[in-house]
Amino acid sequence: TLMGSRCVAIGWRALSTIASSSSNCHVCIGVNAGQGIGSIGTPNYNVCIGHQAGQGMTSGSNNICFGVNGGQNVTTGSNNIAIGTTVHTTAMANSDTTSIGRAALANTTGSIAIGLCSRATTGTNVIAIGTCSEATGAYSVAIGRCAFCSVLSGVALGFGACATGGNSAIAIGRSASTSTASSI
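Not measured: the values here are computed from a predicted model.

(A) Main features of the overall build of the chain. Per the secondary structure count, the chain includes 0 helices and 18 strands. Based on the C-alpha atoms only, the size of the chain along its principal axes is roughly 60 × 25 × 20 Å. Evaluated residue by residue, the chain yields a buried proportion of 46% over its 184 residues. Residue pairs at least 24 apart in sequence account for 0% of intrachain contacts in the chain once pairs closer than 6 positions are excluded.

Below, the structure is given as structure tokens:
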């Protein structure tokens, strides 16, 4: 029996553990989609579409999980967007993240990961865009296939660009690399 009001659940065990009539306005379509929503607290306004999309979500609100295993382990975080196959597959309680692309992972507050296997994983407000791009320093940006930035406020822009070393390091161009303040 579905406890929440104004909810839509289509699929085996979709939205099956909602335990409070105060948890409202969820749309869950797919096998196990949104299965854990409402098992803790009173989350509202979640959309989970796809096989096991949003399955591990318990008390987060305003989340969008789309795709096979999309946002499967977003747990208590709110205002997250997970679009693609196996997006956000690690346990995540952070909010305000965007992950788009197969296996993309933005799991720190305010982070964005777009592209196959892109990662925005350490520090807040990090951006990784491009296949296998990775940004791990707070306020860092990595844009380009295999771009990597691991420093505070650093920028890696280009195929294989790598910004490491001191804070605010900048690497621009194909295979540009820096372990000091800038490389252009």
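What follows continues from the structure just given.
(B) Main features of the nonpolar core. In this structure, A120, C149, A156 and A163 are the most contacted members of the largest nonpolar core, which totals 17 residues. In this structure A120 touches L105, A106, N107, T108, S111, I112, A113, V126, A128 and A135, once residues within four positions along its chain are discounted. Membership of the second largest hydrophobic core comes to 11 residues, among which are C7, L15, C28 and M57.

(C) Representation of the environment of I37 in the model. For I37, the position within the fold is in the loop between β2 (27–29) and β3 (47–49). In the structure, I37 is positioned 10 residues away from V47 in sequence and 10 Å away in space, judged by C-alpha atoms. With residues up to four places along the chain from it excluded, the contact list for I37 reads L15, T17, I18, H26, C28, P43, N46, C48, M57 and T58.

(D) Highlighting the packing of aromatic side chains. By the definition in use, this model includes 0 aromatic pairs. Against the face of W12 rests R13, its NZ or CZ located 5.7 Å from the ring centre.

(E) Summary view of the side chain of H26. One can find H26 in the loop between β1 (8–10) and β2. Engagement of the side chain of H26 in a polar contact is seen with the backbone oxygen of P43, the distance being 3.1 Å. A polar contact of 3.3 Å, which involves the side chain of H26, links it to the backbone nitrogen of N46. When sequence neighbours within four positions are dropped, the list of residues in contact with H26 reads R6, C7, V8, L15, I18, I37, P43, N44, Y45 and N46.

(F) A look at the environment of V141. Relative to the elements of secondary structure, V141 occurs in strand β12 (residues 141–143). In the structure, V141 is positioned 109 residues away from N32 in sequence and 35 Å away in space, judged by C-alpha atoms.

(G) The arrangement of a nonpolar patch on the surface in detail. Among the surface-exposed residues, I64, F66, I83, I100, I114, I129, I143, L157 and I172 lie close enough to one another that they form a single nonpolar patch of about 640 Å² accessible area. Residue position: I83 is located in strand β5 (residues 81–83). Looking at I83, the relative accessible area reads 32%, which means it is partly exposed.

(H) View of the sheet that holds strand β13 (residues 148–149). Pairing in this open sheet of 6 strands is parallel, and the strands run β7-β9-β11-β13-β15-β17 from one edge to the other. In this open sheet, the two edge strands, each paired with only one partner strand, are β7 (105–106) and β17 (177–178). The sheet contact formed by strand β15 (residues 162–163) and β17 spans 2 bridges and is parallel. Counted as the bridge partner of C162 is S177 from β17.

(I) Geometry of the confidence of the model for the chain. With 95% of its residues at a pLDDT of 70 or more, the chain has an overall mean of 90. Confidence, expressed as mean pLDDT per element, reaches its minimum in the chain at strand β18 (residues 182–183) with 48 and its maximum at β12 with 98.

Scoring rules and cut-offs
Residues numbered from 1 in each chain as written. Predicted model: local features only at pLDDT ≥ 70, side-chain atom pairs only at ≥ 80, totals over all residues. Heavy atoms only, no water. Helix = DSSP H or I, 4+ residues; strand = E, 2+ residues; numbered from the N terminus. Buried < 20%, exposed > 50% of the residue type's maximum accessible area, 1.4 Å probe, protein only. Contact = heavy atoms within 4.5 Å. Core = buried A, V, L, I, M, F, W, Y, C linked by side-chain atoms within 4.5 Å. Phe/Tyr/Trp six-rings, centres within 6.5 Å; stacked < 30°, edge-to-face > 60°. Lys NZ or Arg CZ within 6 Å of the ring centre and 35° of its normal. Polar contact = N/O pair within 3.5 Å; in protein donor to acceptor, adjacent residues only side chain to side chain. Patch = residues over 30% accessible without salt bridge, like charges linked within 9 Å, V, L, I, M, F, W, Y side chains within 5 Å. Areas by Shrake-Rupley, 256 points an atom, 1.4 Å probe, with all protein chains shown as cover. Salt bridge = Lys/Arg side-chain N within 4 Å of Asp/Glu carboxyl O. Pairing = 2+ DSSP bridges. pLDDT = per-residue confidence, 0-100.

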